[in-house]
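Chain by chain, the residues run as shown.
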Amino acid sequence: MTRTADATPTQATIDCLSQLIGFDTTSRNSNLALIEWAADRLASAGATLRYDYNAARSKANLFATFGAGPGGVVLSGHTDVVPVDGQAWTSDPFTAQIRDGRLYGRGACDMKAFIGVVLAHAERFGAAKLREPLHVALSYDEEVGCLGVPGLIADMKDAGLTPSGCIVGEPTDMRVIASHKGGRIYRCNVRGCAAHSSLTPKGLNAIEYASRIISRIQDLAEEEESQGERIDGFDVPFSTISTNTIEGGNGRNIIPADCEFYFEYRFLPGVSPDRFIDVLKQYVDGTVLPKMRKRNALADVSFECVGSIPALDAQESDEIHRLAMALLGDAHGRGGKVAYGTEASFFQNAGVPSIVCGPGSIDQAHKADEYVSLEQLYQCERFIGRLVERLSVS
Ligand SMILES: [Zn+2]
């Protein structure tokens, strides 16, 4: 295992990562300055570039290809970061700072570290005699529900690009993660009827009917915990569902006409993402709505899916899994399953076998004083260096 004092990254990696941290790409901001900077670097090293913009053209995905032909490996990362609002940082979050063998800054581990290492290798990618292409995919809006990556993948397919594997460099301490849960977020609107609270029977209380649906959600969660499918290796080894925000009512003496709540579920690989919503819709159509409409014909309940991430379920026999394990050698290895969702499952759903493997720890992500250790950057450099060798004509 290489854990010696010489396990420090190159200046090129430090410089790239520092540049990346300097762009404030909090998801609410444009990422175009970062994308232009990365595109320059990749293009001058010889990559062919493809851009895919959001509707407002304020954000872009970038897909860069070194080499030509079918197949190849995608190195994928999201360019956006979570906000620093309200967090107590020791140093400016958008100025990289090295202290005690760690590089600090927003996005240091999640996930500009991986992108920094990849970009630092651009010239090497360009100079290599590649047997199959090496692709670099940079997305926007991952942190707000993986909104950018579907466009990136659609554009990749339109271009006829058919990578044979994808490595998503979310922080895993450079372990290979083959599996994570999927998730969905729903908004539920319950429409009742307002009335003066002295005339309660003339109204239809939206909050009270919403609470019946919420109770059913809690029942579902308890059933899942006690009798649902279990997969060992996850922090929580079963699928979960919970109501996380609620709003309703506009006066203490008014029967509330409207109630809106959000619930989220996270399902195990292999579990149908429609399972929970199907049960809830059945309950609403069969029990809640008939009751409501008996009192008021205009009553309504609607569900809207506002976020969706597929589960990741890579196989150890997948070529990309075997390749990543081989590149890591004996230094690291299999990391099993993680609780958080990633863009890897989107690539997997598009027919590109994917794993997650990147420098830094998810424990440091999204927090004040986010950092990546220099040792992790070094491990990632070795990984990427070996990948180039593997993909090159010997
Ligand atoms: Zn991330």
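Just so it is clear, the structure is predicted and the values come from calculations on it, not from any experiment.

**Quick word on the overall build of the protein chain**
For step 1, the next point in the chain: Along the backbone of the protein chain there are ten helices and 18 strands.
For step 2, the next point in the chain: For the protein chain, the C-alpha atoms occupy an extent of roughly 80 × 45 × 40 Å along the three principal directions.
For step 3, the next point in the chain: Classification of the 394 residues of the protein chain by burial places 53% in the buried group.
For step 4, the next point in the chain: Accessible surface for the protein chain amounts to roughly 17,200 Å². Of this, 47% is attributable to carbon and sulfur atoms.

**A closer look at the packing of aromatic side chains**
For step 1, the next point in the chain: Across all of its chains, the model carries ten aromatic pairs by this definition.
For step 2, the next point in the chain: Relative to Tyr265, the ring of Tyr186 lies with its centre 5.9 Å away and its plane at 25°, an arrangement referred to as stacked. One end of the pair, Tyr186, is in strand S9 (residues 182–191); the other, Tyr265, is in strand S13 (residues 258–267), and 79 residues separate them in sequence.
For step 3, the next point in the chain: Residue classification places Tyr186 among the buried positions, given a relative accessible area of 5%.
For step 4, the next point in the chain: Of the residues examined, Tyr265 reaches a relative accessible area of 1% and is grouped as buried.
For step 5, the next point in the chain: For the ring pair Tyr265 and Phe276, a centre distance of 5.0 Å and an interplane angle of 70° mean the geometry is edge-to-face. With Tyr265 in strand S13 and Phe276 in helix H7 (residues 275–295), this residue pair connects regions lying eleven residues apart in the sequence.
For step 6, the next point in the chain: Through a chain of ring-to-ring contacts, the aromatic side chains of Tyr186, Phe261, Phe263, Tyr265, Phe267, Phe276 and Phe303 assemble into a single cluster.
For step 7, the next point in the chain: Sitting over the face of the ring of Tyr371, Arg102 holds its NZ or CZ atom 4.0 Å from the ring centroid.

**Section: the coordination of the zinc ion**
For step 1, the next point in the chain: For the zinc ion, every protein donor is listed as His78 (NE2), Asp110 (OD), Glu170 (OE) and Glu170 (OE), and the spread of their distances is 1.8 to 2.6 Å.
For step 2, the next point in the chain: With four donor atoms in place around the zinc ion and angles of 54 to 139° between them, the coordination shape is irregular.
For step 3, the next point in the chain: All donors of the zinc ion belong to a single chain; written as a sequence motif, their spacing is H-x31-D-x59-E. Taken together, the residues span a long stretch of sequence, with Asp110 in the loop between strand S5 (102–104) and helix H3 (112–120) and Glu170 in the loop between strand S7 (165–168) and strand S8 (176–180) at a distance of 60 residues. Residues Asp110 and Glu170 agree in their burial class; the two are buried.

**Here's the deal with the sheet that holds strand S11 (residues 240–248)**
For step 1, the next point in the chain: Taking strand neighbours across the sheet as the criterion, the four strands line up as S11-S13-S9-S14 in an open arrangement whose pairing is antiparallel. On the outer flanks of this sheet lie S11 and strand S14 (300–309), each paired with one strand and no other. Averaged over all adjacent pairs, the angle separating strand axes in this sheet is 20°, with direction ignored.
For step 2, the next point in the chain: In the sheet, S9 pairs with S13 via ten bridges, with the strands oriented antiparallel. When the bridges of S13 are listed, Val190 appears paired with Cys259.
For step 3, the next point in the chain: The strands touched by helix H6 (residues 206–227) within the sheet are S9, S11, S13 and S14, with S13 carrying the most contacts at an inclination of about 10°.
For step 4, the next point in the chain: Here H7 sits on the sheet and contacts S9, S11, S13 and S14; the angle it forms with S14, its principal contact strand, is near 165°.

What counts, and where the lines are drawn
Residues numbered from 1 in each chain as written. Predicted model: local features only at pLDDT ≥ 70, side-chain atom pairs only at ≥ 80, totals over all residues. Heavy atoms only, no water. Helix = DSSP H or I, 4+ residues; strand = E, 2+ residues; numbered from the N terminus. Buried < 20%, exposed > 50% of the residue type's maximum accessible area, 1.4 Å probe, protein only. Areas by Shrake-Rupley, 256 points an atom, 1.4 Å probe, with all protein chains shown as cover. Phe/Tyr/Trp six-rings, centres within 6.5 Å; stacked < 30°, edge-to-face > 60°. Lys NZ or Arg CZ within 6 Å of the ring centre and 35° of its normal. Donors = N, O, S within 2.8 Å, 3.2 Å for Na, K, Ca; no water. Tetrahedral: all angles 85-135°; square planar, octahedral: opposite > 155°, others 65-115°. Pairing = 2+ DSSP bridges. Axes fitted to C-alpha atoms, helices over the stretch in contact; angles between N-to-C directions. Contact = heavy atoms within 4.5 Å.

Geometry only, nothing functional implied.
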